[in-house]
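Fold and geometry: a report
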Amino acid sequence: MDTLRYLQSKEFLPDVDAGLLFANLEELNEMSLCFVTSFFSTIEDHLNKLTPSIDFTSVLTKYFQGNMCQSHQIYCLNYTSAIFYLEKMKKKKDFGTYLKWCEQNELCKRLHLSELLVAPLHKLTRYPLLLKNIWKNTEAAEKTVIDSLKDKVEKSIRDLEGKVKWLDNFQKFKQLQEIIIWPSLWDQDKRFFVPECLKSILRNNPKENILSSTKRSLVHEGKLTLAEHMKLSDVYLFLFDDLLLITKLNRHKKKYGSSDFNLIPVCPVFTPELQSLLEEGSYCTVLDQPIPLNRLIVKNIDSFHGNVFGLRNAFLIQHENRYQQCIAAFLLQAQTESIKKTWMSQMEAAISNYANRQNSSKTSFFSLPAESSEI
């Protein structure tokens with residue numbers, strides 16, 4: 001961090017955002033150093049017989065009732081964005097040179113910056129163990145205070161895990177909205193005629209916000225092959241906990257109204273397969289309407305029938321409407337039998353879980369207490 005500041009004072013690396021890369025690391029280091037200094041100073045005073053007993057309680061209360069956990073939470077919530085930003089900046093030659101020079105310093109102990117940035121996260125998870133060990137070696141009068149501090153730190157860690165999970169999910173879905181193209185009605189099906197003067201009205205349809213729900217989670221994703229009339233096409237499937245989205249891979253296709261792909265960083269939580277496709281400039285165009293899991297049926301295609309049509313590791317998915325009529329069918333082919341089984345099991349499990357959630361919500365609704373006759 002000091003090296004970066006020095007270089008920026010000399011007008012080098014002006015486009016590097018130190019705050020985005022290191023967050024509140026300086027504040028966190030200062031607070032941790034003060035805590036360790038006070039902690040060992042208390043032990044030293046006792047060993048030098050300056051104090052009759054070791055007063056850990058006041059030191060621990062000062063820091064753990066203060067901003068210690070809050071500062072760690074701020075840093076941890078920024079960690080994913082920092083790694084995201086670091087991977088993006090590594091592609092720049094001048095930043096790469098700076099990074100390589102810094103990592104050669106003996107203080108780094110041959111660790112890369114990405115490995116050093118994760119250290120504060122590990123430190124936070126060790127605090128409950130430290131407090132537990134102190135609790136074992138304190139008098140009964142102090143045990144209650146230390147025990148309450150340990151509970152506070154553990155609760156802070158649990159809260160942080162929930163926040164990090166929510167934030168990662170939010171960032172991933174925000175990125176998905178950038179790379180997924182929702183084609184217009186007239187592009188999807190040539191049977192529909194829409195005059196030019198009315199296309200602007202239909203274009204305002206907020207269909208692209210379908211992935212904005214933070215309650216939705218991505219269960220499974222991956223590339224498969226779709227058997228179409230006289231040809232095979234590469235498709236990329238996104239299985240969510242409530243719907244299935246089938247998209248076609250379009251290379252070097254620019255999204256309507258968006259900036260160039262090179263300006264859009266690739267989310268680090270994507271699978272390596274999807275990351276490599278996006279780095280090549282691909283986009284995912286929605287092939288058909290999303291399939292709700294309560295309208296999805298998965299059927300296996302045995303090897304005999306698959307080989308007849310020249311397909312291997314094939315399975316069929318059907319989209320049924322509310323009247324149990326099949327309105328769409330997709331014949332998919334996986335790279336291996338193992339991948340096919342994984343996809344089918346993931347879909348079947350997601351369908352089952354979705355049905356259980358729906359049934360439980362209905363049960364809870366009907367189990368509500370009856371209205372009072374006085375209302």
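Residues numbered from 1 in each chain as written. Predicted model: local features only at pLDDT ≥ 70, side-chain atom pairs only at ≥ 80, totals over all residues. Heavy atoms only, no water.

With an unreviewed UniProt entry as reference, the protein chain is termed Pleckstrin homology and RhoGEF domain containing G7, source organism Varanus komodoensis.

**A short note on the layout of surface pockets**
Over the atoms rolls a probe the size of a water molecule, and in doing so it shows where empty space is left. The space that makes up the largest pocket amounts to roughly 840 Å³. Listed by contribution, the elements that provide at least two residues to the lining of the largest pocket are α1 (2-9), α3 (25-47), α5 (68-89), α6 (93-103), α7 (113-117) and α8 (119-136). When its residues are assigned to classes, the lining of the largest pocket shows 17 nonpolar, five polar and five charged. (1 Å grid on protein atoms, 1.4 Å probe; cavity = no way out; pocket = protein on both sides within 12 Å on 5 of 7 lines; lining within 4 Å. Points joined across faces, edges and corners; volume = space filled by probe spheres on them. Helix = DSSP H or I, 4+ residues; strand = E, 2+ residues; numbered from the N terminus. Nonpolar A, V, L, I, M, F, W, Y, C, P; charged D, E, K, R; others polar.)

**Comments concerning the packing of α5 against α8**
Taken N-terminus to C-terminus, the directions of α5 and α8 make an angle of 140°; their axes are 10 Å apart at the nearest point. Here α5 lies oblique to α8, going by the angle between them. For the element pair α5 and α8, the recorded crossing hand is left-handed. Here Met68, His72, Tyr75, Cys76 and Tyr79 of α5 come into contact with α8, specifically with Pro120, Leu121, Lys123, Leu124 and Tyr127. When its residues are assigned to classes, the contact of α5 with α8 shows eight nonpolar, one polar and one charged. (Axes fitted to C-alpha atoms, helices over the stretch in contact; angles between N-to-C directions. Parallel < 35°, antiparallel > 145°, perpendicular 65-115°, else oblique. Left-handed = near helix turned anticlockwise from the far one by under 90°. Contact = heavy atoms within 4.5 Å.)

**Description of the packing of α8 against helix α9 (residues 140-179)**
Packing of α8 against α9 brings their axes to within 9 Å, and their N-to-C directions diverge by 165°. Between α8 and α9, the interaxial angle falls into the category roughly antiparallel. As for the relative orientation of α8 and α9, their crossing is left-handed in sense. Packed against α8, whose contacting residues are Leu124, Thr125, Tyr127, Pro128, Leu131, Lys132, Ile134, Trp135 and Lys136, the element α9 presents Lys143, Ile146, Asp147, Leu149, Lys150, Val153, Glu154, Ile157 and Leu160 at the interface. Its residues assigned to classes, the contact of α8 with α9 shows 11 nonpolar, one polar and six charged.

**Some points on the pattern of salt bridges**
By the definition in use, this model includes nine salt bridges. Ionic pairing is found between Glu154 and Lys150, a salt bridge with its closest N-O pair at 3.4 Å. In this pair, Glu154 and Lys150 both sit in helix α9, four residues apart, roughly one turn of the helix. Exposure remark for Lys150: the relative accessible area of 16% places this residue in the buried category. For Lys155, the salt bridge is made with Asp159, and the minimal N-O distance between the two is 3.0 Å. Note that Lys155 and Asp159 are positioned in helix α9 at a spacing of four residues, about one turn of the helix. (Salt bridge = Lys/Arg side-chain N within 4 Å of Asp/Glu carboxyl O. Buried < 20%, exposed > 50% of the residue type's maximum accessible area, 1.4 Å probe, protein only.)

**Topic: the packing of aromatic side chains**
On inspection of all chains with the given rule, the structure shows eight aromatic pairs. Look at Phe95 and Tyr98: their rings are 5.5 Å apart centre to centre, the planes differ by 55°, and that puts the pair in the tilted class. Remark: Tyr98 and Phe95 occur in helix α6; sequence separation between them is three residues, near one turn of the helix. Taken individually, Phe95 and Tyr98 each receive the classification buried, so the pair is uniform in this respect. (Phe/Tyr/Trp six-rings, centres within 6.5 Å; stacked < 30°, edge-to-face > 60°.)

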